[in-house]
Amino acid sequence: MQTIFLQAAPDGGILPQLLMFGAIILVFYFFMIRPQQKKAKDQKKFREELTKGMQVVTIGGLHGRLTAINDDTVEIEVDKGVRLVFEKSAISLEATAKVK
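Draft legend 1. Seen up close, the overall build of the protein chain. Of regular secondary structure, the protein chain possesses three helices and four strands. Ordering the α and β elements of the protein chain from the N terminus gives α-α-β-β-β-β-α. Counting the 100 residues in the protein chain, one finds 18% classified as buried. A total of about 8,100 Å² of accessible surface is found on the protein chain, and carbon and sulfur atoms cover 61% of it.

What follows is the structure, encoded as C-alpha cells:
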C-alpha cells in the first residue's frame, strides 16, 4: 500500500510547474500580444501621418484620394465630384500599402 502512495507523489514539486506556466506566458506575450500591440501602434502612426492627395484604401475596400482631413474623419474623392466622408479608423494600412 505504501508504494502506491509514493508513486502518486509529484517528483519535482511545484517549481517545474511554475516554470512551465511562466514559459507559456512568455510565449503568449512574444507571439501574440506584442505583435498585436506593434501592429496597432503602426496603424495609429499611419493615421496620424495622412496627408491631402494621398491615395488610400478603406477597410471596406474603397479606393480614393484624400481631399480633406479633420480630427476624426477624412473626406475621400472616389470619382470626379464624388466625395465621401469616413472615420479615420476606416483607413487600412495594409490595403493602402499594397496599392502603392
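Draft legend 2. Seen up close, a nonpolar patch on the surface. Side chains of Met20, Ile24, Leu26, Val27, Phe28, Tyr29, Phe30, Phe31, Met32 and Ile33 sit close together on the surface and give an oily, nonpolar patch of about 1,000 Å² of accessible area. Its location among the elements puts phenylalanine 31 in helix H2 (residues 15-48).

Draft legend 3. Here's a closer look at the pattern of salt bridges. Applying the stated criterion to the full structure yields two salt bridges. Across the pair lysine 38 and aspartate 42 runs a salt bridge whose closest N-O atoms are separated by 3.3 Å. Taken together, the residues span about one helical turn, with lysine 38 and aspartate 42 both in helix H2 at a distance of four residues. Its salt-bridge partner being glutamate 75, residue arginine 83 comes within 3.5 Å of it at the nearest N-O pair.

Draft legend 4. Focus on the packing of aromatic side chains. A complete count under the given rule lists one aromatic pair for this structure. Taking 5.1 Å as the distance between ring centres and 80 degrees as the angle between the ring planes, the aromatic pair formed by tyrosine 29 and phenylalanine 30 counts as edge-to-face. The exposure class of tyrosine 29 is partly exposed, given its relative accessible area of 34%. Using a relative accessible area of 44% as the deciding quantity, one classes phenylalanine 30 as partly exposed.

Draft legend 5. Seen up close, the sheet that holds strand S2 (residues 63-69). Read from one edge to the other, the open sheet built from four strands follows the order S1-S2-S3-S4, with strand pairing classed as antiparallel. Lying at the two open borders of the sheet, with one neighbouring strand each, are strand S1 (55-57) and strand S4 (82-87). Geometrically, the sheet is characterised by an average inter-axis angle of 50 degrees between neighbouring strands, direction not taken into account.

Draft legend 6. A look at the side chain of threonine 58. The residue threonine 58 is located in the loop between S1 and S2 in this model. The class for threonine 58 is buried, based on a relative accessible area of 5%. Every residue in contact with threonine 58, bar those within four places of it in the chain, is listed here: Ile76, Phe86, Ala90, Ile91 and Ser92.

Draft legend 7. Layout of the pairing of S2. When S1 meets S2, the two strands line up antiparallel, connected through three bridges. Considered in S2, the bridge of valine 56 is made with glycine 64. Where S1 folds back onto S2 in an antiparallel hairpin, the turn is made up of five residues, including glycine 61, whose phi is positive at roughly 95 degrees. Linkage of S2 to strand S3 (residues 73-79), two consecutive antiparallel strands, is achieved through a turn of three residues.

Cut-off values and rules
- Residues numbered from 1 in each chain as written.
- Predicted model: local features only at pLDDT ≥ 70, side-chain atom pairs only at ≥ 80, totals over all residues.
- Heavy atoms only, no water.
- Helix = DSSP H or I, 4+ residues; strand = E, 2+ residues; numbered from the N terminus.
- Buried < 20%, exposed > 50% of the residue type's maximum accessible area, 1.4 Å probe, protein only.
- Areas by Shrake-Rupley, 256 points an atom, 1.4 Å probe, with all protein chains shown as cover.
- Patch = residues over 30% accessible without salt bridge, like charges linked within 9 Å, V, L, I, M, F, W, Y side chains within 5 Å.
- Salt bridge = Lys/Arg side-chain N within 4 Å of Asp/Glu carboxyl O.
- Phe/Tyr/Trp six-rings, centres within 6.5 Å; stacked < 30°, edge-to-face > 60°.
- Pairing = 2+ DSSP bridges.
- Axes fitted to C-alpha atoms, helices over the stretch in contact; angles between N-to-C directions.
- Contact = heavy atoms within 4.5 Å.

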